[in-house]
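Descriptive analysis of the structure
Chain by chain, the residues run as shown.
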Amino acid sequence: MSDLEARPEAAICEATPGPGPRTDSYPSREVPLGGVRGVTVHRVLPQRDLPTVGAWCFLDHFGSTAPSPDLPPDIDPHPHIGLQTVTWPFEGRIRHRDSIGSDVEIEPGQLNLMTSGHGIAHSEYTVPGAPAGHGIQFWIALPESDRDIAPHFDQHRELPVVDLPGLRATVLIGSLAGASSPATVYTPIVGADLRIDPGSEVILPLATEFEHALLVIDGDLTAAGVPAPAGPLLYLGSDRAELSLTSSTGAHAILIGGEPFGEDLVMWWNFVARSHDEIQHARNDWEKRDLARFADIAGHPPEQRIPAPPLPNLRLKPRKRRAG
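Residues numbered from 1 in each chain as written. Predicted model: local features only at pLDDT ≥ 70, side-chain atom pairs only at ≥ 80, totals over all residues. Heavy atoms only, no water.

Structural notes on the side chain of Arg283
By the element assignment, Arg283 lies in helix H1 (residues 276–287). With residues near it in sequence (within four places) discarded, Arg283 still touches Trp268, Phe271, Ala308, Pro309, Pro310 and Leu311. (Helix = DSSP H or I, 4+ residues; strand = E, 2+ residues; numbered from the N terminus. Contact = heavy atoms within 4.5 Å.)

Structure follows, in structure tokens:
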């Protein structure tokens, strides 16, 4: 999971409190993955005035914009710091290898959680003979207390499900409606895959202290009384005890949420940090092959790695949420 833009922008994200209930739509943008033969993704986080939803700080919908199943998005070794990556495929298979020795296949129905901590490198390759991949990839920012922990990788094949009349919600991360995922996270958070039946009217309980957002993958859906088409991110704000969902033909959506993240962040390329100097240090460590921080990955020769892009001026004004 990576941000492979050739010249990624920097995002300096200011901590902000929950804004109360809202229904703000944020369009996705098509982002070409540099060096991956014309493949693009739909990115809905970060946004200029919505950099985070809880600790969620990055969200890509991949696969639906690939020009051909003959162009698999193989991604060579690249680094991460200060975050957890979450991969949730809808179809296809991906081979994940990393610098702490993990070598696994990622399949639909499995939650794949890589915690970078102080530093990790990984690669993602399409499994030969598998269909073109389609799914969601997220980042979760690690809080100050845990952002330098030792890196680790976890895969969860058994996830809890919330069954309500007309809705089936698989809880990927955190807790929802009394069901809790086994995945280890470091801030109060939730992520869930929602499947809404045709002709349904559902009331989904929410944690009032969280802010939430909804990404519709396909189908027709109305959320909190507002049409929610596939593609844009619908930001729902905070202080909601429940969410009304209605669909005439059925829908598939992703719900994310969490307590408003109380720390300022600097995000650039594949790094989540707190300062320009930390970003510069991590980039230098990757470029000079600091094996204590970013070890080589078994099966990849040392020279097979994605070089860091040019570092822009990161001393920008913080990105603030849109005023109420």
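Back to the text.
Considering the sheet that holds strand E21 (residues 226–227)
Reading across from one edge, E18-E23-E20-E21 is the order of the four strands in this open sheet, with antiparallel pairing throughout. Among the strands making up the open sheet, the edge pair consists of strand E18 (200–205) and E21. Two elements, strand E20 (residues 222–223) and E21, share two bridges in a ladder whose sense is antiparallel. Bridge pairing in E21 links Ala223 to Val226. (Pairing = 2+ DSSP bridges.)

Describing the sheet that holds strand E12 (residues 134–141)
The strands that make up a sheet are held in pairs by hydrogen bonds between backbone atoms, and each pair lies either parallel or antiparallel. Read across the open sheet, the seven strands follow the order E3-E4-E5-E12-E7-E10-E13; overall the sheet is antiparallel. Of all the strands in the sheet, the pair left with one neighbour each is strand E3 (29–32) and strand E13 (152–156). Averaged over all neighbouring strand pairs, the angle between strand axes comes to 25°, with direction disregarded. (Axes fitted to C-alpha atoms, helices over the stretch in contact; angles between N-to-C directions.)

Observations regarding empty space enclosed by the protein
For the structure shown, the criterion picks out five cavities of 30 Å³ or more. Looking at the second largest cavity, its volume works out to about 80 Å³. Here the lining of the second largest cavity is composed, by residue class, of eight nonpolar, two polar and two charged. (1 Å grid on protein atoms, 1.4 Å probe; cavity = no way out; pocket = protein on both sides within 12 Å on 5 of 7 lines; lining within 4 Å. Points joined across faces, edges and corners; volume = space filled by probe spheres on them. Nonpolar A, V, L, I, M, F, W, Y, C, P; charged D, E, K, R; others polar.)

Quick look at the packing of aromatic side chains
Considering all chains together, one arrives at six aromatic pairs under this definition. Consider the rings of Phe58 and Trp139, whose centres lie 4.1 Å apart with planes at 15°: the pair is stacked. Here Phe58 is found in strand E5 (residues 56–62), whereas its partner Trp139 is found in strand E12, with 81 residues between them in sequence. Using a relative accessible area of 2% as the deciding quantity, one classes Phe58 as buried. Classification of Trp139 by relative accessible area gives buried; the value is 1%. Here the basic side chain of Arg97 rests over the ring of Tyr125, its NZ or CZ set 5.8 Å away from the ring centre. (Phe/Tyr/Trp six-rings, centres within 6.5 Å; stacked < 30°, edge-to-face > 60°. Buried < 20%, exposed > 50% of the residue type's maximum accessible area, 1.4 Å probe, protein only. Lys NZ or Arg CZ within 6 Å of the ring centre and 35° of its normal.)

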